[in-house]
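The lines below spell out each chain.
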Amino acid sequence: MVWFRRRLNTVRYHSVCERQSNRFTDYDHNIQITAQRRPEHGELFPVIMCGRQVVLGLFLSLSLWFSADAAGGSADLEILPAAFLTGVTKDVQLTCRPPPATAIADVITIQVTKTRESDHSHVPLASYVTTHSPVAEALGVQLGASVSGHYDPSGPAASFLLVTLHRPGEEADGEYSCEVNTLDPSGMLHSYSSRAALLSLARNESVPTFYQTLLRELRHDLDSLTSDLDTLQRSHLAANATISDLDTKLSAVSTAQGKFASLSSDLNTHWTDIDNTTSSLQSQLSYFRTLTPDSPVNFHACVSGTVSPSDNSNIVFNVLSHHTADNAYSTSTGFFTVPTNGTYFFQTGITGRANTHTYASLTVSGEALSSVYAFDDYYYNQAMASAVVELRVGETVSVLKKSGGPIEGSLNRATCESYFLGTLLW
């Protein structure tokens, strides 16, 4: 026997709904949650009773706890990519799904939340009541997120909520949760959840910070130089006053000469300090210039027409629209061969046909860095993956097709639907 307890937080509505007649009972008045008794076999619990029109303003928050013999499994939260670099990463996608291999008769709600660092509370990012369209909550709007979802009553287990963070900033770093409420074939309500972290490379110091260090040192030296110049200006004013006093007091010439000699010595010391500071700044600027590559390395390649590589083989982007390193990217093999040691950024965008999936990975010498998966029932699907990696001369980078259908290169007016690009950062 499965025992449980529930906490009803908030029930608010603007209009009323009618879902499937064999699972929801129609009434003309307020939404009621019946919880006075356990459900009989085949009966929906809790019984949600509402009117005959579609609910537009429903916000229902239920927390359920089940014993160990309740339906197992956890929700599926996928974050791609799992780490980002501000100003480099274009998009981060969070996909929340019901648990696999679980008997699901219907999906009621799907929600993605973000854990607030101050009190570890869950702040809604996006919500999806499957009878309505998914919406971005206040935090989602703040993070610049777009949301989409999929729900099919005939196959509810394939439902999902997709949240895309565009140009993520440091505030996107943190832990996210996926929460899914479902009904099993007997009408029992179940809640599933899972968590995953999104990592900011800059915030977690995963990327070299010498640029920031050099700028801080440069600012410190400039502040010191400004202070020295102010001191020098005050010293010059004092010298002028002393000289004026000497002109009017010829009787104190010997004393005035001594003061002037002392003041000149101080000025020489300040000028020496300024020369040393200037020399140090010039050395640091010279070092900073050595960090920028003398010979830039970048390329951009596209698929022309339609290609159908076999599974576990390279996708060959056969048109090279831009490059700076001759023969670094091969339009015949699909490999980019590293010509210079350094840190590189790579990105790929893959477009597949409607009603087929596309699964591919960015690889370095055969090892996957990041992966992309795209699927769409109705139209051409596209997905992107990117990575920042330190490489040595001779290593190879390619886009490996894991599985799926043909790769499209040109659709309508777009001429580069599937592409592969890379650039040397430093």
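It should be noted that the structure appears before, not after, this text.
In this report, we go over the structure that sits alongside the text. Please read all numbers here as calculations on a predicted model, not as lab measurements.

## Regarding the overall build of the protein
Then comes step 1: Assigned secondary structure in the protein consists of three helices and 27 strands.
Then comes step 2: Burial statistics for the protein: of 426 residues in total, 39% are counted as buried.
Then comes step 3: Here the protein has roughly 23,200 Å² of accessible surface; of this, 52% comes from carbon and sulfur atoms.

## A look at unusual backbone geometry
Then comes step 1: Following Leu80, the chain continues into Pro81 via a peptide bond in cis, with omega recorded as -10 degrees.
Then comes step 2: For Pro81, the position within the fold is in the loop between strand 6 (76-80) and strand 7 (83-84).
Then comes step 3: One non-glycine residue with positive phi stands out, namely Arg167, at about 45 degrees.
Then comes step 4: Within the secondary structure, Arg167 is located in the loop between strand 13 (160-166) and strand 14 (174-183).
Then comes step 5: On the basis of relative accessibility, which here comes to 55%, the residue Arg167 falls in the exposed class.

## Considering a nonpolar patch on the surface
Then comes step 1: The grouping of Tyr359, Tyr373 and Phe375 at the surface amounts to a nonpolar patch, some 300 Å² of accessible area in total.
Then comes step 2: Residue placement: Phe375 occurs in strand 23 (residues 367-375).
Then comes step 3: Among the residues examined, Phe375 registers a relative accessible area of 43% and is labelled partly exposed.

## Digging into the state of the cysteines
Then comes step 1: For the structure shown, the criterion picks out two disulfides.
Then comes step 2: Residue Cys96 pairs covalently with Cys178 via a disulfide, S to S 1.8 Å. Where Cys96 bonds to Cys178 through sulfur, the torsion about that S-S bond is close to 70 degrees, and the disulfide is right-handed. Remark: Cys178 occurs in strand 14 and Cys96 occurs in strand 8 (residues 91-97); sequence separation between them is 82 residues. Cys178 matches Cys96 in its accessibility class, with the two residues each being buried.
Then comes step 3: In this model, Cys302 is linked to Cys416 through a disulfide, with the two sulfur atoms separated by 2.0 Å. An S-S torsion of about -95 degrees defines the bridge between Cys302 and Cys416 as left-handed. In this pair, Cys302 sits in strand 16 (residues 298-302) while Cys416 sits in the loop between strand 26 (407-408) and strand 27 (419-424), placing the two residues 114 residues apart along the sequence.
Then comes step 4: Given a relative accessible area of 23%, Cys416 falls into the partly exposed group.

## With respect to the packing of aromatic side chains
Then comes step 1: Summed over all chains, the structure comprises 10 aromatic pairs.
Then comes step 2: Seen in terms of ring centroids, Phe336 and Tyr344 are 6.0 Å apart; in terms of plane orientation they differ by 65 degrees. Their pairing is edge-to-face.
Then comes step 3: For Tyr344, a relative accessible area of 0% translates into the label buried.
Then comes step 4: Seen in terms of ring centroids, Tyr344 and Phe346 are 5.9 Å apart; in terms of plane orientation they differ by 10 degrees. Their pairing is stacked. Summarising the burial analysis for this pair, Tyr344 and Phe346 share the class buried.
Then comes step 5: Directly above the ring of Tyr176 sits Lys114, whose terminal nitrogen or CZ lies 5.7 Å from the centroid.

## Digging into the sheet that holds strand 9 (residues 106-115)
Then comes step 1: The strand order across the open sheet formed by six strands is 7-15-14-9-10-11, and the pairing between neighbours is mixed. Strands at the two margins of the open sheet, each flanked by one partner only, are strand 7 and strand 11 (135-136).
Then comes step 2: With 10 bridges joining them, strand 14 and strand 15 (residues 189-200) adopt antiparallel strand pairing. Following the sheet pairing, Val180 is matched in strand 15 by Tyr192.

What counts as what
Throughout, a residue's number is its position along its own chain's written sequence, starting from 1. Per-residue local features of the predicted model are confined to residues with pLDDT of at least 70, and side-chain atom pairs are confined, for both listing and counting, to 80 or more; whole-chain, interface and lining totals are unaffected and use all residues. Note that the side-chain values use all heavy atoms of the structure and ignore hydrogens as well as water. Numbered from the N terminus, helices here are DSSP runs of H or I no shorter than four residues, and strands are runs of E no shorter than two. When a residue's accessible area, from a 1.4 Å probe over protein chains only, is under 20% of the maximum for its type it is buried; when over 50% it is exposed; and in between it is partly exposed. For the area figures, the Shrake-Rupley method with a 1.4 Å probe applies, and any residue is considered shielded solely by the protein chains shown. Patch building starts from residues that exceed 30% relative accessible area and form no salt bridge, then joins like charges within 9 Å and nonpolar side chains (Val, Leu, Ile, Met, Phe, Trp, Tyr) within 5 Å. Just to be clear on terms, a salt bridge is a Lys or Arg side-chain nitrogen sitting within 4 Å of an Asp or Glu carboxyl oxygen. Any two cysteine sulfur atoms lying within 2.5 Å of each other are counted as a disulfide. Centres within 6.5 Å make a pair out of two Phe, Tyr or Trp rings, where for Trp the six-membered ring is used; the pair is then stacked when the planes are under 30 degrees apart, edge-to-face when over 60, and tilted otherwise. Remark: a charge is flagged as sitting over a ring if the NZ atom of Lys or the CZ atom of Arg is within 6 Å of the ring centre and within 35 degrees of the ring normal. Only strands that DSSP links by at least two bridges are regarded as paired with each other.

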